[in-house]
Amino acid sequence: MTATAATAATAATAATAATAATTVDVLIAGAGPTGLALAIDLTRRGVSALVVECQDHLSPGARGTGLQPRTQEVYEDLGVLEEIQAAGGEYPPVGLWEDGRITSREQLLEHVEPTPSAPYSNVLMVPQWRNIEILHAHLQNLGGSVLLGTELTAFDQDAETVRAHLTLPDGGTRTVVSRYLVAADGGRSTVRRGLDIGMSGPELEEGAAVLADIRVDGLDRDHWHRWMPPGGGFTMMLPLARTDLFQCFVAVSPEGTPDTSPDAVRALIAAHTHLTADQIREVRWSSVFRPRVGMVDRFRVGRIFLAGDAAHVHTPAGGQGLNTSVQDAYNLGWKLGQVLRHGAPDTLLDTYESERRPIAAHILDISTRLFRSRTMRRGRDLHQLDIGYRESPLTQELRPDVPEDGLRAGDRAPDAPCTTADGRPFRLFEAYRGAQFTVLALGDVELLPLDEELVRTYRVGGSSPDLVDSDGHIRDAYGSDPAVFLIRPDGYIAVATPPEKATERLTEALETFIGAGAALAAEPLR
């Protein structure tokens, strides 16, 4: 963003801040991918959410560029995937430079063919600044808002509300009262410090790097360029998809504070590659990176939640941090929506920590192991499609004799191409898209209808099917036995039950999520 654009944005934000609501359902600190994804999810549910960001502009820098397949599924549901795909691309092979020429090539990311159950099968490269721009624009289109240049400086809470004290761009102050506060304000979270919650993790070998987004002459865009000088260290330059920029990573001594001024970055790159300083046409953004890992002991304190880097900080190895953070937001968003709009008990929000903390710990272990191993090869085990909640208190697997390696309650609900009863092409992800729960009934199952605004029901097979599985993709993904699945709004299977007493079991489960809102009619669906 140019200085003129930044000034205009700040002025516009100040005007908006002067008239911003002082009472909202959810206040979100931080306008990164975590905070914006959460705000989108809440806004589409009719929950009033306000995002405050201390910077006077959206965060620059390509930073984390890899969107894993599971995050792409989340983005499809949130309504931004088409734009994200248009802004992204594949990672090219690594080209190793020696003596001024590329001497070897290696494809570090395993290519995986899509399947009917997993339509997004490869990591998508999108600069984080572009990711944020798309999320922000979509939030605005939904009627949501972000206050830039607005710092959350203090807060307190009681049994009913959180009072947050904000410093506005013009230096004025404002108090916003919310039902809940979510800290998505990064690894140096102001909210986390205000709660006096520590972050602990394993010690890493000291290291540092200069990270920069640059325009450069003399490099092709068909390779992820790498230099490994004899004296140690390495430099990499990634051509950023759909841009004329490269993301540059230069390992430097961990001692002292590296100079990240444009001239210093040019000189650093020239010293570690065959390029000259003059070939670095522009240093658009630069920063110092120091690897560290850690996680908080608590994801919730009363009416305040920690999400993303405010709760767990990862190494960049494996491209897991941003993706884990977005999925924190996706897990928390529907639960806040159920409590604030549909009468679910507040205890539902406790499952945010019980579900997400073990996953964050597991992914921290993976990314730390990859970082220490120094290996750069990446496979489908990092796609986050196998992450699930089988041990969650919200999960009920009620079918007998389901194998451990089969689809079970708590797992991600797979996609499957099929058709509607009138022959229109359809996908299960279309059924799951939106703020509601979904019932998928396989076989000729007797069910009582549920409130269609809260729960959509799709029957596969039987005398009056909604969906026709002509190619067997639903059968392959969900099994051939008659069964009923309750799919959560975040696309995970909450309940898997045999047809017997299915309505009773579903309505019992829905009481946890909807309170008394799961209205039943008198006539059964056949």
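If you're wondering where the values come from, they're calculated on a predicted model, not measured in any experiment. All residue numbers here refer to positions counted from 1 along the written sequence of the relevant chain. With the structure being a predicted model, the display of local features is reserved for residues of pLDDT at least 70 and the display and counting of side-chain atom pairs for 80 or more, all residues being used for whole-chain, interface and lining totals. Side-chain measures here rest on the full set of heavy atoms in the structure, leaving out hydrogens and waters.

A.B. asks: It is not clear to me how the side chain of Q72 should be interpreted in this structure. Could you clarify?
C.D. replies: In this fold, Q72 is placed in helix α3 (residues 69-78). Each residue is placed in one exposure class: buried if its accessible area under a 1.4 Å probe, protein chains only, is under 20% of its type's maximum, exposed if it is over 50%, and partly exposed if it falls in between. Assessed through its relative accessible area of 5%, Q72 is described here as buried. At 2.8 Å, the side chain of Q72 forms a polar contact with the backbone oxygen of N122. Here a helix means four or more residues in a row that DSSP labels H or I, a strand means two or more in a row labelled E, and each is numbered from the N terminus. The definition of a polar contact used here is a pair of N or O atoms within 3.5 Å, where within protein one atom must be able to donate a hydrogen and the other to accept one, and adjacent residues in sequence count solely through side-chain atom pairs.

A.B. asks: I'm lost on the pattern of salt bridges in this one. Help?
C.D. replies: A pair can form between side chains of opposite charge whenever their charged atoms are brought close. For this analysis, a salt bridge means a side-chain nitrogen from Lys or Arg found within 4 Å of a carboxyl oxygen belonging to Asp or Glu. One pass over the structure, following the stated rule, counts 26 salt bridges. Its salt-bridge partner being E76, residue R427 comes within 2.9 Å of it at the nearest N-O pair. One end of the pair, R427, is in strand β23 (residues 425-427); the other, E76, is in helix α3, with 351 residues separating them in the sequence. Residue classification places R427 among the partly exposed positions, given a relative accessible area of 22%. Among the residues examined, E76 registers a relative accessible area of 11% and is labelled buried.

A.B. asks: What's the story with the environment of T368 in this structure? I'm lost.
C.D. replies: Mapped onto the elements, T368 comes out in helix α9 (residues 350-373). Between the C-alpha atom of T368 and that of P316, which follows or precedes it by 52 residues, the distance is 9.0 Å.

A.B. asks: What's the story with the nonpolar core in this structure? I'm lost.
C.D. replies: Across soluble globular proteins, you tend to see nonpolar side chains buried next to one another. With 98 residues, the main nonpolar core has I28, Y75, V191, L336, L486 and F513 as its most contacted residues. Among the elements that make up this core, the one with the highest residue count is helix α8 (residues 321-342) (nine residues). Setting aside residues no more than four positions away along its own chain, V191 makes contact with A29, L152, F155, L181, A183, D185, I304 and L306. Among buried residues, the Ala, Val, Leu, Ile, Met, Phe, Trp, Tyr and Cys ones that are joined through side-chain atoms within 4.5 Å form a nonpolar core. The contact definition used throughout considers only heavy atoms, calling two residues in contact when any of these lie within 4.5 Å.

A.B. asks: Just checking my understanding: could you explain the packing of helix α2 (residues 33-44) against helix α5 (residues 128-141) for this structure?
C.D. replies: Helix packing for two helices is described by the angle between their axes and how far apart those axes are. Where helices are involved, their axes are fitted lines through C-alpha atoms of the stretch in contact, as for all axes, and angles between N-to-C directions lie from 0 to 180°. Contact geometry of α2 with α5 gives a least axis separation of 9 Å together with a crossing angle of 20°. Regarding the angle of α2 to α5, the classification is roughly parallel. By crossing handedness, the relation of α2 to α5 is classed as left-handed. Packed against α2, whose contacting residues are P33, L36, A39, I40 and T43, the element α5 presents Q128, N131, I132, L135, H136, H138 and L139 at the interface. An angle below 35 degrees is treated as roughly parallel, one above 145 as roughly antiparallel, one from 65 to 115 as roughly perpendicular, and anything else as oblique. By definition, any crossing whose near helix is turned counterclockwise from its far helix by less than a right angle is left-handed, and any crossing with a clockwise turn is right-handed.

A.B. asks: Is there a simple way to think about the pairing of strand β13 (residues 224-227) in this case?
C.D. replies: Regular strands place side chains that alternate from one sheet face to the opposite one. Residues of β13 alternate between two faces, with W224 and R226 on one and H225 and W227 on the opposite face, all of them buried. For two strands to be treated as a pair, DSSP must find at least two bridges joining them. Two strands pair when backbone bridges link them, and strand β4 (residues 94-98) and β13 are joined in this way by four bridges, in the parallel orientation. By the bridge assignment, W97 is partnered in β13 with W227. Looking at chain direction, β13 and strand β14 (residues 235-239) are connected through three bridges and run antiparallel. Counted as the bridge partner of W227 is T235 from β14.

A.B. asks: In this structure, what is going on with the packing of aromatic side chains? I would like to understand it.
C.D. replies: Aromatic ring pairs are reported here in terms of the distance separating the ring centres and the angle at which the planes meet. Whether two aromatic rings pair depends on their centres lying within 6.5 Å, for rings of Phe, Tyr and Trp, where Trp uses its six-membered ring; planes under 30 degrees apart make the pair stacked, over 60 edge-to-face, and the rest tilted. Under the defined criterion, the tally for this structure stands at 13 aromatic pairs. Centre to centre, the rings of W334 and F437 are 5.7 Å apart; their planes meet at 90°, and the pair counts as edge-to-face. Of the two residues, W334 sits in helix α8 while F437 sits in strand β24 (residues 437-442), which places them 103 residues apart along the sequence. Relative to F485, the ring of Y478 has its centre 5.3 Å away and its plane inclined at 70°; by these criteria the two rings are edge-to-face.

A.B. asks: In this structure, what is going on with the side chain of T43? I would like to understand it.
C.D. replies: Turning to its location among the elements, T43 is positioned in helix α2. Ignoring sequence-local partners within four residues, the contact set of T43 consists of L139, L142 and G144.

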